[in-house]
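Chains, contacts and geometry: an overview
Listed below are the residues making up each chain.
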Amino acid sequence: LEAARHDFRRGIELNPDLPAPFHGMGLLEERVGDVARAEKSYREALKVDPGFGPARVNLGRILFARRDYDGAREQFLRLTEVAPRVLEGWTGLVESMLKLHREHDADDALDLAREKLGEQPALVLLVGRRLLRQGDAAAAIAALEPVTREGTPALRASALAWIAVARATRGEVEASQTAAKEALALDPQNGVARYAQEARTNLD
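**Remarks on the overall build of the chain**
Within the chain, the secondary structure is distributed over twelve helices and zero strands. Helices and strands in the chain line up, N terminus first, as α-α-α-α-α-α-α-α-α-α-α-α. Sequence-distant contacts, at least 24 apart, represent 42% of the contacts inside the chain between residues at least 6 apart. Of the roughly 10900 Å² that the chain leaves accessible, carbon and sulfur atoms contribute 52%.

Okay, here's the thing in structure tokens:
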């Protein structure tokens, strides 16, 4: 890792007007657990090139993880402006607005994302969550089920986890637990699936 750090520093010295070496340094710092230095590197990359999408994605993700949801919203909004075809900008923007309890703005952003990018699984997942939030658990399940067969394991796990919640609201306890178990098999760290399982445990 020290050799890689040396290479990135050398790259920054030789190419101070390119964002990639700064971004690479940020990735390295995150890998070793120094999030503060990673954030600084991502910000340096964006000073060089405000339109460099990967750095803005990672900066927004760091801010979201530390619950600076307004800061994350600002980064993801900027990303949708400079790189409107980057999916992470839209999903991050919607998630940040939901955390800020700006549901109407989140819904508008989601609809705009679907217009631009189509029915991407990550966007369909957000549609399912919106339907659940609106009290239509049956429609939420119908929207989410295709996502359980598409995308990354983490995305499939998220869809299964929200299905577990939706089924629980319908009183379908066993089906809810089955979905939660399947979600955790794909992603043991999924907090929504854990919540669904613990809700049943607390009732027993």
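Once you've had a look at it, read on.
**Considering the pattern of salt bridges**
It is possible for side chains of opposite charge to pair when their charged atoms get near one another. Overall, the coordinates contain 18 salt bridges when judged by the stated rule. Residues Asp34 and Arg37 are paired through a salt bridge, measuring 3.9 Å at the closest nitrogen-oxygen approach. According to the relative accessible area criterion, Arg37 is partly exposed, its value standing at 41%. Here Asp107 ties to Arg130 by a salt bridge, and the two come within 3.8 Å at their closest N and O atoms. One end of the pair, Asp107, is in helix 7 (residues 103-117); the other, Arg130, is in helix 8 (residues 121-133), with 23 residues separating them in the sequence.

**Some remarks on the packing of helix 2 (residues 19-31) against helix 3 (residues 35-48)**
Closest axis-to-axis distance for the helix 2/helix 3 pair is 8 Å, and the angle between their directions is 165°. It follows from the interaxial angle that helix 2 and helix 3 lie roughly antiparallel. For the crossing formed where helix 2 meets helix 3, the hand is left-handed. Of the residues in helix 3, those touching helix 2 at Pro19, Phe22, His23, Met25, Gly26, Leu27, Glu29 and Glu30 are Arg37, Ala38, Ser41, Tyr42, Glu44, Ala45 and Val48. When its residues are assigned to classes, the contact of helix 2 with helix 3 shows eight nonpolar, three polar and four charged.

**Re the packing of aromatic side chains**
Counted by the stated rule, this structure contains one aromatic pair. An angle of 65° between the planes, with centres 5.0 Å apart, marks the rings of Phe64 and Tyr69 as edge-to-face.

**Some remarks on the environment of Ala159**
Examined against the element boundaries, Ala159 turns out to sit in helix 10 (residues 153-169). For the pair formed by Ala159 and Ala180, sequence separation is 21 residues and the distance between their alpha carbons is 9.9 Å. Setting aside residues no more than four positions away along its own chain, Ala159 makes contact with Leu125, Leu144, Val147 and Thr148.

**Section: helix 3**
Between its first and last C-alpha atoms helix 3 spans 20 Å; for 14 residues at 1.5 Å apiece the expected length is 20 Å, and the two agree. Among all positions in helix 3, only Ala38, Glu39, Ser41, Tyr42, Ala45 and Leu46 are buried. Projected onto a plane normal to the axis of helix 3, the buried residues spread over an arc of 160° and lie on a single side. Relative to its buried face, helix 3 has exposed residues pointing more than 90 degrees away, namely Ala36, Lys40 and Lys47. Looking at the packing, one finds that the buried side of helix 3 touches helix 2, helix 4 (53-65) and helix 5 (69-82).

**Re the nonpolar core**
Nonpolar side chains in soluble globular proteins generally cluster together in the buried interior. In this structure, Tyr42, Ala55, Leu93, Val94, Leu110 and Leu123 are the most contacted members of the largest nonpolar core, which totals 25 residues. Looking at this core, the elements that each hand over two or more residues are helix 3, helix 4, helix 5, helix 6 (87-99), helix 7 and helix 8. Excluding residues within four positions of it along the chain, Tyr42 makes contact with His23, Gly26, Leu27, Glu30, Ala55, Asn58, Leu59, Arg61 and Ile62. Ranked by size, the runner-up nonpolar core spans twelve residues in total, among them Ala122, Val124, Ala164 and Ala196.

**Overview of unusual backbone geometry**
Phi at Arg67 is positive, roughly 70°, even though this residue is not glycine. Structurally, Arg67 can be placed in the loop between helix 4 and helix 5. Phi at His101 is positive, roughly 60°, even though this residue is not glycine. Take His101: it is sitting in the loop between helix 6 and helix 7.

**Focus on the side chain of His23**
Here His23 shows up in helix 2. Look at His23 and you get buried, because its relative accessible area is 10%.

Rules and cut-offs
Residues numbered from 1 in each chain as written. Predicted model: local features only at pLDDT ≥ 70, side-chain atom pairs only at ≥ 80, totals over all residues. Heavy atoms only, no water. Helix = DSSP H or I, 4+ residues; strand = E, 2+ residues; numbered from the N terminus. Contact = heavy atoms within 4.5 Å. Areas by Shrake-Rupley, 256 points an atom, 1.4 Å probe, with all protein chains shown as cover. Salt bridge = Lys/Arg side-chain N within 4 Å of Asp/Glu carboxyl O. Buried < 20%, exposed > 50% of the residue type's maximum accessible area, 1.4 Å probe, protein only. Axes fitted to C-alpha atoms, helices over the stretch in contact; angles between N-to-C directions. Parallel < 35°, antiparallel > 145°, perpendicular 65-115°, else oblique. Left-handed = near helix turned anticlockwise from the far one by under 90°. Nonpolar A, V, L, I, M, F, W, Y, C, P; charged D, E, K, R; others polar. Phe/Tyr/Trp six-rings, centres within 6.5 Å; stacked < 30°, edge-to-face > 60°. Expected span 1.5 Å × (residues − 1). Arc of directions from axis to C-beta. Core = buried A, V, L, I, M, F, W, Y, C linked by side-chain atoms within 4.5 Å.

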